[in-house]
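Structural features, examined
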Amino acid sequence: MADDRVPGTDSTEVAMRMAVLRPYLIDNVPLTKIAVDAGIPIRTVRRWIARYRLSGPAGLMRPTRPDAGTRTFPKEMVELIEGMALLKPQSSIATIHRRIVMLAAEQGWRKPSYGSVRSIVREINPAILTLAHEGECSLPGQI
């Protein structure tokens, strides 16, 4: 799954966090007062300060997960979802999701979200989906 955050928001996010931390960094205002005034948990403000001291303003950007954009489902589950999407008559993604959740429970796999199932189905080549649902394959010599 790709990073869903809006591009360009990191700089505004850093600016907002710097504005919250500025009284502490410049005027030595207690962190507890800053947290209360900003409506942010004290633990979050302390984490921001630690990251600021370690990396400067760049440390205030939201960290990206190391596994961002990778799928963690078993290969067999992905193949089952793709196979269900290619069956005739065509099933809705909601139906495929309900079926795969039951199969995942039986197999001891982590249950996929509806969005994960939808993204797997949408990655299937549209030509293959059309062929599976509407087309007939005629092989040479078969009439």
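Note that residues are indexed from 1 along each chain, following the sequence as it is written. Per-residue local features are limited, in this predicted model, to residues with pLDDT of at least 70; the limit for side-chain atom pairs, both in listing and counting, is 80 or more; totals at the level of whole chains, interfaces and linings are taken over all residues. Note that the side-chain values use all heavy atoms of the structure and ignore hydrogens as well as water.

1. Let's talk about the overall build of the protein
- Numbering of helices and strands runs from the N terminus; a helix is a DSSP stretch of H or I covering at least four residues, while a strand is a stretch of E covering at least two. When you go through the protein residue by residue, the secondary structure sums to 7 helices and 0 strands.
- Counting helices and strands in the order they occur from the N terminus, the protein gives α-α-α-α-α-α-α.
- Buried residues are those whose accessible area, probed at 1.4 Å on protein chains only, stays under 20% of the maximum for their type, while exposed residues exceed 50% and partly exposed ones sit between those limits. The buried share of the protein, taken over its 143 residues, is 27%.
- The contact definition used throughout considers only heavy atoms, calling two residues in contact when any of these lie within 4.5 Å. Across the protein, contacts joining residues at least 24 apart in sequence account for 56% of those joining residues at least 6 apart.
- Each accessible area is a Shrake-Rupley estimate made with a 1.4 Å probe; only the visible protein chains count as cover when residues are assessed. Within the structure as shown, the protein displays about 10,000 Å² of accessible surface, and the carbon and sulfur contribution to it stands at 58%.

2. Considerations on the nonpolar core
- If you look at the biggest cluster of nonpolar residues, it comprises 15 residues, and the most contacted ones within it are Met77, Ile81, Ala85, Ile96, Ile100, Val117 and Val121.
- Mapped onto this core, the elements with two or more residues apiece are helix 4 (75-86), helix 5 (93-107) and helix 6 (114-122).
- No other element matches the 5 residues that helix 4 contributes to this core.
- By nonpolar core we mean a set of buried residues, namely Ala, Val, Leu, Ile, Met, Phe, Trp, Tyr and Cys, connected to one another through side-chain atoms within 4.5 Å. Counting residues in each nonpolar core, the second largest holds 12 residues, with Leu31, Ile34, Ile40 and Trp48 among its members.

3. Overview of the confidence of the model for the protein
- Overall, the predicted model of the protein reaches an average pLDDT of 86, with 87% of residues at or above 70.
- Each residue carries a pLDDT score, the predictor's confidence in it, ranging from 0 to 100. Per-residue pLDDT, averaged within each element of the protein, yields its smallest value for helix 7 (residues 126-133) (85) and its largest for helix 5 (95).
- Contacts for the low-pLDDT stretch residues 1-9, under 50 throughout, to residues beyond four places or in other chains number 8 contacts.

4. Some details on the packing of helix 4 against helix 5
- Interhelical geometry of helix 4 versus helix 5 gives an angle of 150° and a closest axis separation of 10 Å. Crossing of helix 4 against helix 5: the hand is right-handed. Counted together, Met77, Leu80, Ile81, Met84 and Ala85 of helix 4 and Ile96, Arg99, Ile100, Leu103 and Ala104 of helix 5 form the full contact between these two elements.
- Its residues placed into classes, the contact of helix 4 with helix 5 shows 9 nonpolar, no polar and 1 charged. Convention adopted: a line fitted to C-alpha atoms gives each axis, helices being fitted over their contacting stretch, and angles between N-to-C directions are expressed from 0 to 180 degrees. Two helices crossing with the near one rotated counterclockwise from the far one by less than a right angle form a left-handed crossing, whereas a clockwise rotation gives a right-handed crossing. Under the convention adopted here, Pro, Cys and the residues Ala, Val, Leu, Ile, Met, Phe, Trp and Tyr are nonpolar, Asp, Glu, Lys and Arg are charged, and Gly plus all remaining residues are polar.

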